[in-house]
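Residue-level structural notes
One letter stands for each residue in the lines below.
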Amino acid sequence: MTKVGNADYLGAITYQQGWTVGRTAVRVLGDAGVRRAYTVPADSFLDLLDVLQFDSPLTVVHARHETGAAFMAEAEGKLREVPALLLGARGPNTLNLLPGVQTAHRDETPMIVLLADRPSVGLLGDDADDPDPVEPFRPYAKWSARAEVASEVPALLAEALGEVRRGRRGPAVLAVPDDFWIAPYEGGVPQPEPPPDRSGALLRSADEVASLLADARYPVVIAGAGVRAARDELVEVAEKLGLSVYNAFRRQDAFPENHARYAGHLGLGIPARQLDALDRADLVLAIGTRLDEVTTQNHRYPSPSQTLVVIGTGLTPTRRRGLTFRIECEIAPFLRELAGVAIPRTRRSSAANASTHTYMTPPDTRGSVLVHPADVVRAVRRTAPENTIVASDSSNFAGFVHRYWCFTAPHTQLGPADRTVGYAVPAAVAAKLAAPKRTVVAMTGDGGLLSSGQELETAVRYRAQVIVVVSQNGLYGDMAMHQARTHGRLSGVALEPVDFAAWARSLGAVGYTVQSPEQLEPTIARALRHQRPSVIDVRTDPDVIDPDVRLSALFPAQRTR
């Protein structure tokens, strides 16, 4: 291999005479499949922006706020499974990128973050006292570095691109001094290192898992984000071997929820009957998931008596009692091998399959005067196409989306696994830019929309025809629920009514207001026909705080009746 910069494992292609560091770096990104750069324009990277705008296969998307730009980059990486580029300027506003970078870390999303650093030759004597721009991001970065000389920037970028897609996916953060982008570059264009060939180990691992499955009476799969690219292979294996399949928390597009082998979504408030397959399991295959607290139902599953097989890339040690096997591999080829060597088995679907259909059936709301949040989800689901991409926050309204949407098509759910408010609208904008032929809906509450709704203007500017459905109940619902249950009173959770339809029109979008259930489907149908972004402001019942809970029933006086 040709040595380029300080990364001697990198390959290189033909040297391009007269190129700058900036132009070469953009070539590295384009060759790796990066298609968009998200940022708030700043003078910290003027020369790089000039290359990106006029001499690049990448499209620059100028967001209204740094946090919105970061959520956009994360959402595109999650949808395409190829990193997007996020640019951060010098100064304190760089910290606004942290929510999106943390989400990428938590959700194992590939992302490239370029941070502007002070010029390599400063005119002031206090440059050494400037804070390290990378330091706040290190807890969430899979890989981080600072370029010390201009010539090493392309090689470092290629190294970062290889790292974010190898093993456990995540963000890579690289700080580059402002003046490096225009420096002449006289090396080759480096390429990321290809993944290692594990074909022999893959076959041996598939044989071992096939043996475990042959001996198991009640094997169960928990499918996470890593399965999205291997969805067809998982369906084939589940059908051939009679496996019950759960989807991990907010990873409901990993396995079709209308499939006969589907056992349920391991989210919040799951009824005991829906956990039947996990309770009976003697073998659990955790495929492409980290088994977080919610997915494991507060670390209840897998139990010590259940054999656990963890399959995926970038696996971390599990802290559990009980027999555990870890298989480090790409999931799609492993499942293909498993389908070829495993003995077909016929197993009955567990009671969890029937229970999950009951659980996902919306309640009868015909007597409701105000709009029920379940009606909002049901109306959008009936009206929008099957492969609609749904972006949601981690708000209370997201609970209705998780329960009643029924995800059947691949790559249709964008939602942060962590508690992240304000994700839905920026994520929807990025999804529409990355997949312009698909319908994209942002499902959010009034609190979430007020956090990042300014990115609706970004959607208007880039003609990203997203539909924003806001459930306006005048509350920070999650906090209101906890306050009512814990203290029996509310404090600081009330929100004043906002005319979101008028606000949308002021930004160049289409705005609608819905105040009764009968208005829902006709309004959604009209929004789907528009060639502009739309906002549907739905005034929902503030008492319906959760699919199973009314806010009024949480106060102590009501509970004692």
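Check the entry above for the structure.
Residues numbered from 1 in each chain as written. Predicted model: local features only at pLDDT ≥ 70, side-chain atom pairs only at ≥ 80, totals over all residues. Heavy atoms only, no water.

Re the pairing of strand β12 (residues 283-287)
With respect to burial, β12 is a largely interior element, 5 of its 5 residues being buried. Covered by surrounding structure in β12 are L283, L285 and I287 together with V284 and A286, the residues of both alternating faces. Direction of pairing for strand β9 (residues 219-223) relative to β12: parallel, over a ladder of 5 bridges. Each bridged residue has a counterpart across the sheet, and for V221 the counterpart in β12 is L285. Here β12 pairs with strand β13 (residues 307-312) via 5 bridges, running parallel. Opposite V284, over in β13, you have L308 as the bridge partner. (Buried < 20%, exposed > 50% of the residue type's maximum accessible area, 1.4 Å probe, protein only. Helix = DSSP H or I, 4+ residues; strand = E, 2+ residues; numbered from the N terminus. Pairing = 2+ DSSP bridges.)

Topic: the nonpolar core
Grouped together as the largest cluster of nonpolar side chains are 55 residues, with contacts concentrated most on L234, L278, I287, F334, L335 and L338. Top contributing element to this core by residue count: helix α9 (residues 331-341), with 6 residues. Sequence-distant contacts of L335, that is, excluding residues within four places in its chain, are made with A230, E233, L234, V237 and I287. In this structure, L98, V173, V468 and V535 belong to the second largest nonpolar core, which totals 50 residues. (Core = buried A, V, L, I, M, F, W, Y, C linked by side-chain atoms within 4.5 Å. Contact = heavy atoms within 4.5 Å.)

What about the sheet that holds strand β17 (residues 440-445)?
Ordered in space as β16-β15-β17-β18-β20-β19, the 6 strands form an open sheet in which the pairing is parallel. Every other strand in the sheet has two partners, leaving β16 (413-414) and β19 (510-514) as the edge strands with one partner each. Across 6 bridges, strand β18 (residues 467-472) lies against strand β20 (residues 534-539) in parallel orientation. Within β20, the residue paired with S471 across the bridge is V538.

Topic: the packing of helix α3 (residues 66-80) against helix α13 (residues 424-434)
Packed helices, taken two at a time, are described by the angle between their axes plus the distance between the axes. At a minimum axis separation of 8 Å, α3 and α13 run at an interaxial angle of 50°. Viewed along their axes, α3 and α13 adopt a mutual orientation that is oblique. Viewed along their axes, α3 and α13 form a crossing whose handedness is right-handed. For the pair α3 and α13, contact is made by G68, F71, M72, A75, E76, L79 and R80 and by P426, A427, V429, A430, A431 and A434, respectively. Broken down by class, the residue content of the contact of α3 with α13 amounts to 10 nonpolar, 1 polar and 2 charged. (Axes fitted to C-alpha atoms, helices over the stretch in contact; angles between N-to-C directions. Parallel < 35°, antiparallel > 145°, perpendicular 65-115°, else oblique. Left-handed = near helix turned anticlockwise from the far one by under 90°. Nonpolar A, V, L, I, M, F, W, Y, C, P; charged D, E, K, R; others polar.)

Focus: the environment of D179
Considering the arrangement of structural elements, one finds D179 in the loop between β7 (171-177) and β8 (189-191). Residues D179 and A428 lie 249 residues apart in sequence; the distance between their C-alpha atoms is 34 Å. Look past the residues within four positions of D179 in its chain and what remains in contact with it is P119, S120 and V121.

Here we look at helix α11 (residues 373-383)
A large share of α11 lies buried, amounting to 8 of its 11 residues. Listed in full, the buried residues belonging to α11 are P373, A374, D375, V376, V377, A379, V380 and R381. Elements in contact with the buried residues of α11: α12 (396-404), β17, β18, α18 (520-529), β20 and β21 (544-546).

Here's the deal with the packing of aromatic side chains
Here the structure, examined in full by the defined rule, presents 4 aromatic pairs. For the ring pair W405 and F407, a centre distance of 6.2 Å and an interplane angle of 40° mean the geometry is tilted. Given a relative accessible area of 1%, W405 falls into the buried group. Between F500 and W503 the ring centres are 6.0 Å apart and the planes differ by 80°, which places this aromatic pair in the edge-to-face class. With F500 and W503 both in helix α17 (residues 500-506), this residue pair falls 3 residues apart, about one helical turn. Residue F500 is classed as buried on the basis of its relative accessible area of 1%. One Lys or Arg, R280, reaches over the ring of Y218 and ends 4.2 Å from the middle of that ring. Lying over the aromatic face of Y359, R403 brings its terminal NZ or CZ to 3.9 Å of the ring centre. (Phe/Tyr/Trp six-rings, centres within 6.5 Å; stacked < 30°, edge-to-face > 60°. Lys NZ or Arg CZ within 6 Å of the ring centre and 35° of its normal.)

Topic: the sheet that holds β9
Across a sheet, strands are paired by hydrogen bonds formed along the backbone, either parallel or antiparallel in direction. The strand order across the open sheet formed by 6 strands is β11-β10-β9-β12-β13-β14, and the pairing between neighbours is parallel. Taken across any chain shown, the strands that pair with only one partner, and hence form the sheet edges, are β11 (262-265) and β14 (324-328). For this sheet, the mean inter-axis angle between neighbouring strands, taken without regard to orientation, is 20°. Across the sheet, α9 is in contact with β12, β13 and β14; its angle to β13 comes to roughly 125°.

Some words on α9
Every buried residue belonging to α9 is among I331, A332, F334, L335, L338 and A339, and all of these are buried. Here the buried residues of α9 occupy an arc of 160° about the axis, which is enough to place them on one side. (Arc of directions from axis to C-beta.)

Considering the packing of α11 against α18
Orientation of α11 relative to α18, taken along the N-to-C sense of each, is 45°, at an axis distance of 9 Å. By the angle between their directions, the pair α11 and α18 is classed as oblique. You can see that α11 and α18 cross each other, and the crossing is right-handed. Note on element contacts: α18 touches α11 through L520, E521, I524, A525 and L528, opposite D375, V376, A379, V380, R382 and T383. A class-by-class count of the residues in the contact of α11 with α18 yields 7 nonpolar, 1 polar and 3 charged.

Let's talk about the pattern of salt bridges
This structure, assessed with the given rule, holds 33 salt bridges. Notably, a salt bridge pairs D418 with R106, separated by 4.0 Å at the nearest N-O pair. Highlighted residues: D418 in the loop between β16 and α13 and R106 in helix α4 (residues 98-107), separated in sequence by 312 residues. With a shortest N-O distance of 3.1 Å, R251 and D107 are connected by a salt bridge. Of this pair, R251 sits in the loop between β10 (244-247) and β11 while D107 sits in helix α4, and the two are 144 residues apart along the sequence. For R251, a relative accessible area of 5% gives the class buried. Overlapping salt bridges, with partners in common, bring together E74, K78, D107 and R251 in one network. (Salt bridge = Lys/Arg side-chain N within 4 Å of Asp/Glu carboxyl O.)

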